[in-house]
Amino acid sequence: MENKRINVIRSSMPSFEEYVEAIRPLWETRWLTNMGKNHEELSRRLEEYLKVPNISLFTNGHMALELCLQAMGLKGEVITTPYTFASTTHAIVRNGLKPVFCDIEPRNYTIDVSKIEDLITPDTCAIVPVHVYGSLCDVEAIEDIAKRHNLKVIYDAAHAFGVEYKGKGVGTFGDASMYSFHATKVYHTIEGGAIATADDDLVTKLWRLKDFGIKDEEVIDSIGANAKMNEFCAIMGLKNLEIIDEEIAKRKIIFDRYVENLSEMLGIRYLQQQEDVKPNYAYFPIVVEEQMFGATRQKIKDKLEKYNIHVRKYFYPLTSDMDCYKGQFGSDKTPIAKWTADRALTLPMYGSLELDDVDRICEIIYSCKKSSTF
Ligand SMILES: *Cc1c(COP(=O)(O)O)cnc(C)c1O
């Protein structure tokens, strides 16, 4: 039995020599953080790559989202989905806002736009939809609803680096979009994140909020935090930008191999290609319909672990069911999100994953069926 450890992700990196060469000038300049030269260069390069009008860099995606909501001066209720990472809901709550959970649609796991308007009250100020797994939300319907009800739209695009819709960068939709550049994401700066927006006033506010609210040496005009990306991270970002297309191309081959293996397995659902969307193959989530498949998610997870293959229940539990929110929201109003959270399993997905391992993972999954003698 093969025993090398396979995790759900493996960070892509430039070669050691290349990174070291790139950080060498920092020993001369001693400009290590506080919006240095590499911070500036990475912002401009990312605007080009992501096809967005402005990129504001942050120390991580969470602080980018939290400070963006603060910068907009929002008050009241925010419509969002519970089928996401803790960060999305926490950013809302930590701003003193009340999350109102909308159900997801069963194909892409993004917000079900047909259910948004029923949740709008006089207190609603914004919608925070999530391009979960890199799946595109119905951006056109969301824009239409937001316009009619005068709501801000801030996308959690943490998973959607490089995703495009009809040739436009995913970050051009809504009032702002948050990207995460965490080490576990398709593209990373070790830790990092960004807000994409076309709103110059918001850009100025974000610049100050990530730097304690400092306007100039003697004027501090907002209650900011410290969320500046440092130069070492910016340089990792510049280097990773050189290899991101290759990383995504490799992931496509792995994605296709999974599909080839799993398409015959009744009861295993996987993400379908969306029309007019350029995908980034960020994750390979499956949803296990235990009756049809003949085994539960837990059985599959346990068996993979025996072979040293470590998969994750992304996204379980729903944020609305997390201990810190116990008794406040519950998941009965979002039945599809709950059903999905109880059955989802995210399989290993990264550029350097070998196709033989993809085949092996799928064989182990198949072997979990009751009828199998494997
Ligand atoms: C990773 C992630 C975040 C937070 O990003 P960090 O860079 O880790 O702070 C927010 N939302 C979602 C959906 C994520 O997956």
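See the structure shown above.
Analysis parameters
For every chain, the first residue of the written sequence is number 1, and numbering continues from 1 along that sequence. Local features in this predicted model are restricted to residues of pLDDT 70 or higher, and side-chain atom pairs are both shown and tallied only at a pLDDT of 80 or more, whereas totals for entire chains, interfaces and linings draw on every residue. Side-chain numbers come from the whole structure's heavy atoms, not from hydrogens or water. Working definition: helices are DSSP H or I runs of at least four residues, strands are E runs of at least two. Numbering for both runs from the N terminus. Note on definitions: a residue-residue contact is assigned when non-hydrogen atoms from the two residues lie within 4.5 Å. Per-residue accessibility takes into account occlusion by the displayed protein chains alone, with areas from the Shrake-Rupley method and a 1.4 Å probe. Residues counted as positive are Lys and Arg, residues counted as negative are Asp and Glu, and His and the chain ends are not counted. The atom standing in for a charge is NZ when the residue is Lys, CZ when it is Arg, CG when it is Asp and CD when it is Glu. Throughout this document, a residue counts as near a molecule or strand when at least one of its heavy atoms sits within 4 Å of that molecule or strand. The term polar contact refers here to a pair of N or O atoms within 3.5 Å; inside protein, the definition further demands a hydrogen-donor-capable atom paired with an acceptor-capable atom, and it admits residues adjacent in sequence only when both atoms are side-chain atoms. Any residue that is not Ala, Val, Leu, Ile, Met, Phe, Trp, Tyr, Cys, Pro, Asp, Glu, Lys or Arg is counted as polar, Gly included; the first ten are nonpolar and the last four charged. Strand pairing is assigned whenever DSSP detects at least two bridges linking the two strands. Axis definition: a line fitted to C-alpha atoms, limited for helices to the stretch in contact. Angles are taken between N-to-C directions and run from 0 to 180 degrees. Type-normalised accessible area, obtained with a 1.4 Å probe on protein chains alone, sets the label of each residue: buried when under 20%, exposed when over 50%, and partly exposed for intermediate values.

Engineer: Sorry, what's going on with the overall build of the protein chain here?
Structural biologist: Counting its regular elements, the protein chain contains 12 helices and 15 strands. Taken over the C-alpha atoms alone, the protein chain extends approximately 75 × 55 × 40 Å along its principal axes. In the protein chain, the proportion of contacts linking residues at least 24 apart, taken out of those at least 6 apart, comes to 71%. Accessible surface, the protein chain as shown: approximately 17200 Å² in total, 51% of it carbon and sulfur. Taking the 46 positively charged and 56 negatively charged side chains of the protein chain as two groups, their mean positions are separated by 4 Å.

Engineer: Hey, could you run me through the site of the ligand in this one?
Structural biologist: Around the ligand lies a shell of 15 residues, among which Gly 61, Asp 156, His 159, Ser 180 and Lys 185 are the nearest. A distance of 2.7 Å is found between an oxygen atom of the ligand and a side-chain nitrogen or oxygen belonging to Ser 180. The backbone of Gly 192 places a nitrogen or oxygen atom 3.5 Å from an oxygen atom of the ligand. Out of a free accessible area of 380 Å², the ligand has 92% covered by protein chains. Here the residues of the shell around the ligand sort into three nonpolar, 10 polar and two charged.

Engineer: Looking at this structure, how should I read the sheet that holds strand S12 (residues 268-270)?
Structural biologist: Backbone-to-backbone hydrogen bonds join strands into a sheet, with any given pair of strands oriented parallel or antiparallel. The strand order S12-S14-S15 describes an open sheet built from three strands, whose pairing is antiparallel. Of all strands in the sheet, those with a lone pairing partner are S12 and strand S15 (344-347), marking the two edges. Between one strand axis and the next, the sheet turns through 35° on average, direction left out of account. Looking at chain direction, S12 and strand S14 (residues 284-288) are connected through three bridges and run antiparallel. Residue pairing across strands places Arg 269 opposite Val 287, the latter belonging to S14. The sheet strands contacting helix H8 (residues 231-262) are S12, S14 and S15, and the helix crosses S14 at an angle near 20°. Of the strands in this sheet, S12, S14 and S15 are in contact with helix H10 (residues 297-306), which crosses S15 at around 25°.

Engineer: Sorry if this is basic, but what is going on with the environment of Tyr 187 here?
Structural biologist: Its place among the elements puts Tyr 187 in the loop between strand S8 (176-180) and strand S9 (193-196). A relative accessible area of 1% places Tyr 187 in the buried class. For the pair formed by Tyr 187 and Ser 11, sequence separation is 176 residues and the distance between their alpha carbons is 8.4 Å. Beyond its immediate chain neighbours, meaning those up to four positions away, Tyr 187 contacts Leu 42, Leu 46, Phe 161, Ser 180, Phe 181, His 182, Gly 237, Leu 238, Asn 240, Leu 241 and Ile 244.

Engineer: Even after reading the chapter, I still don't get unusual backbone geometry, so can you show me in this structure?
Structural biologist: Among all residues except glycine, the phi angle is most often negative; among peptide bonds, the trans geometry is most common. In this model, Tyr 314 is joined to Phe 315 through a cis peptide bond whose omega is 5°. Residue placement: Phe 315 occurs in the loop between H10 and helix H11 (335-341). Each neighbour pair has its own omega, and for Tyr 316 with Pro 317 the value is -5°, a cis peptide bond. Here Pro 317 is to be found in the loop between H10 and H11. Phi at Asn 34 is positive, roughly 60°, even though this residue is not glycine. Within the secondary structure, Asn 34 is located in the loop between helix H2 (26-29) and helix H3 (37-50). The class of Asn 34 is partly exposed, set by a relative accessible area of 40%. Even without being a glycine, Lys 166 presents a positive backbone phi close to 50°.

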